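Breakdown of the fold
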Amino acid sequence: MRSAEAGDTSARARILDAAVLRFARSGFRASVRTIAADADVSPALVIHHFGSKDKLHAACDEQVLAWIAESKRRNMGPATSGRLLEVLAQTDELAPLVGYVLRSLQAGGPVGKAFVEHMIDDAEKYTAEAVEQGMARPSRDERARVRYLVYSSLGSLLLSVTMNPPKDPEDVNAAVRAFMDDLYLPMLELFTEGFLTTRRMLDDYLLYVSDPPREDDDLTTSGIR
């Protein structure tokens, strides 16, 4: 986890790491007592450091969002320069954090929505870096493209886990590995080779949005009534 990588072995860091893992495995109904046991501290110490379970949850959100942004920037280069297997080898490390994101989406409400919007904000930054470095093509609407990529990646993973849940509900790693095994190849094909052989559909769409039909321009102008 991020705090451990930074050499932070304090009680607060252990609690935070334990909470992220527990929320990922068991959902946000996990008790403070369970999190404290995972971190090998007392429940009172958890409250001492974070004040309440809700504030601990918010701190976990902040840590995971920061970790995602850092990980994406670190892995974008290796993944596009022939070192993809090195990135995939980290799947077990990534799985608990992916599980945390899925739990946030499943929980719904303002926390899940805010989490996704923060992911989109971060993704816009590191996608811009990838474009600047020549690793990704620019877009006519970068914000819209990033939103689509975040929606599609999280949505496909959430649907995969829902349709094929692991035998052990707490085994997030198994669910992520199954998703990667089934869908990583076609995803990479779409990203690197594309899907359509011509850009006719895009050209037709751009023509339409540049001069959309007016309400008074119904089909009578073409002789069709």
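A quick note: this is a predicted structure, and the numbers were derived from the prediction, not measured. (Residues numbered from 1 in each chain as written. Predicted model: local features only at pLDDT ≥ 70, side-chain atom pairs only at ≥ 80, totals over all residues. Heavy atoms only, no water.)

1. So, a nonpolar patch on the surface
Using the following cut-off: Each patch is built from residues that are more than 30% exposed by relative accessible area and take part in no salt bridge. Like charges join if they lie within 9 Å; nonpolar side chains (Val, Leu, Ile, Met, Phe, Trp, Tyr) join within 5 Å. Using a 1.4 Å probe, accessible areas were evaluated by the Shrake-Rupley method; residue-level cover was limited to the displayed protein chains. Definition used for salt bridges: Asp or Glu carboxyl oxygen within 4 Å of a side-chain nitrogen of Lys or Arg. Here a strand is any run of E in DSSP of at least two residues, a helix any run of H or I of at least four, and the numbering for each starts at the N terminus.
A surface patch of nonpolar side chains, about 490 Å² in accessible area, is lined by Leu190, Phe195, Leu196 and Met201. Considering the arrangement of structural elements, one finds Leu196 in the loop between helix H10 (172-193) and helix H11 (200-210).

2. Re the pattern of salt bridges
Side-chain pairs of opposite charge can arise where the charged atoms are in close proximity. By the definition in use, this model includes eight salt bridges. Here Asp121 and Arg143 are joined by a salt bridge, their closest N and O atoms 2.9 Å apart. Separated by 22 residues along the polypeptide, Asp121 in helix H8 (residues 109-132) and Arg143 in helix H9 (residues 142-163) bring together distant segments of the chain. Residues joined in a network through salt bridges with shared partners are Glu117, Asp121, Glu124, Arg143 and Arg147.

3. Details of the nonpolar core
The tendency in soluble globular proteins is for nonpolar side chains to be buried side by side. What counts here: Each nonpolar core is a collection of buried residues, namely Ala, Val, Leu, Ile, Met, Phe, Trp, Tyr and Cys, held together in the definition by side-chain atoms within 4.5 Å. Burial here depends on accessible area, computed with a 1.4 Å probe over protein chains only, as a share of the maximum for the residue type. Under 20% is buried, over 50% is exposed, and the range in between is partly exposed. Two residues qualify as a contact provided that any one of their heavy atoms is within 4.5 Å of a heavy atom in the partner residue.
Phe23, Leu56, Cys60, Tyr100, Phe115, Met119 and Val150 are the most contacted members of the largest nonpolar core, which has 35 residues in total. Counting residues per element, the ones that place at least two in this core are helix H2 (11-26), helix H3 (32-39), helix H4 (43-50), helix H5 (53-80), helix H7 (91-107), H8 and H9. Those residues within four positions of Phe115 in sequence are excluded, and the remaining contacts are Asp61, Val64, Leu65, Ile68, Tyr100, Val101 and Ser104.

4. Regarding the UniProt feature "DNA-binding region" (unreviewed entry) in the protein
Counted only if it meets this: UniProt positions are given in the numbering used here, feature names are shortened, and annotations may be inferred rather than shown by experiment.
As annotated in UniProt, the feature "DNA-binding region" (unreviewed entry) corresponds to residues 31-50 in the numbering used here. Secondary structure across residues 31-50 divides into 80% helix and 0% strand, with the first and last C-alpha atoms of the span separated by 14 Å.

5. Some details on the packing of H8 against H9
Counted only if it meets this: Each axis is a line fitted through C-alpha atoms, taken for helices only over the stretch in contact, and angles between the N-to-C directions span 0 to 180 degrees. By the definition adopted for this analysis, an angle is roughly parallel if under 35 degrees, roughly antiparallel if over 145, roughly perpendicular if from 65 to 115, and oblique otherwise. Take the far helix as the reference: if the near one is turned anticlockwise from it by less than a right angle, the crossing is left-handed, and if turned clockwise, right-handed. Under this grouping Gly is polar, as are all residues other than the nonpolar Ala, Val, Leu, Ile, Met, Phe, Trp, Tyr, Cys and Pro and the charged Asp, Glu, Lys and Arg.
Interhelical geometry of H8 versus H9 gives an angle of 120 degrees and a closest axis separation of 9 Å. Taken together, H8 and H9 sit at an angle that is classed as oblique. Here the hand of the crossing between H8 and H9 comes out right-handed. Residues Val116, Glu117, Met119, Ile120, Asp121, Ala123, Glu124, Thr127 and Val131 of H8 touch H9, and the partners they reach there are Glu142, Arg143, Arg145, Val146, Arg147, Val150, Tyr151 and Leu154. Among the residues making up the contact of H8 with H9, the classes are represented as nine nonpolar, one polar and seven charged.

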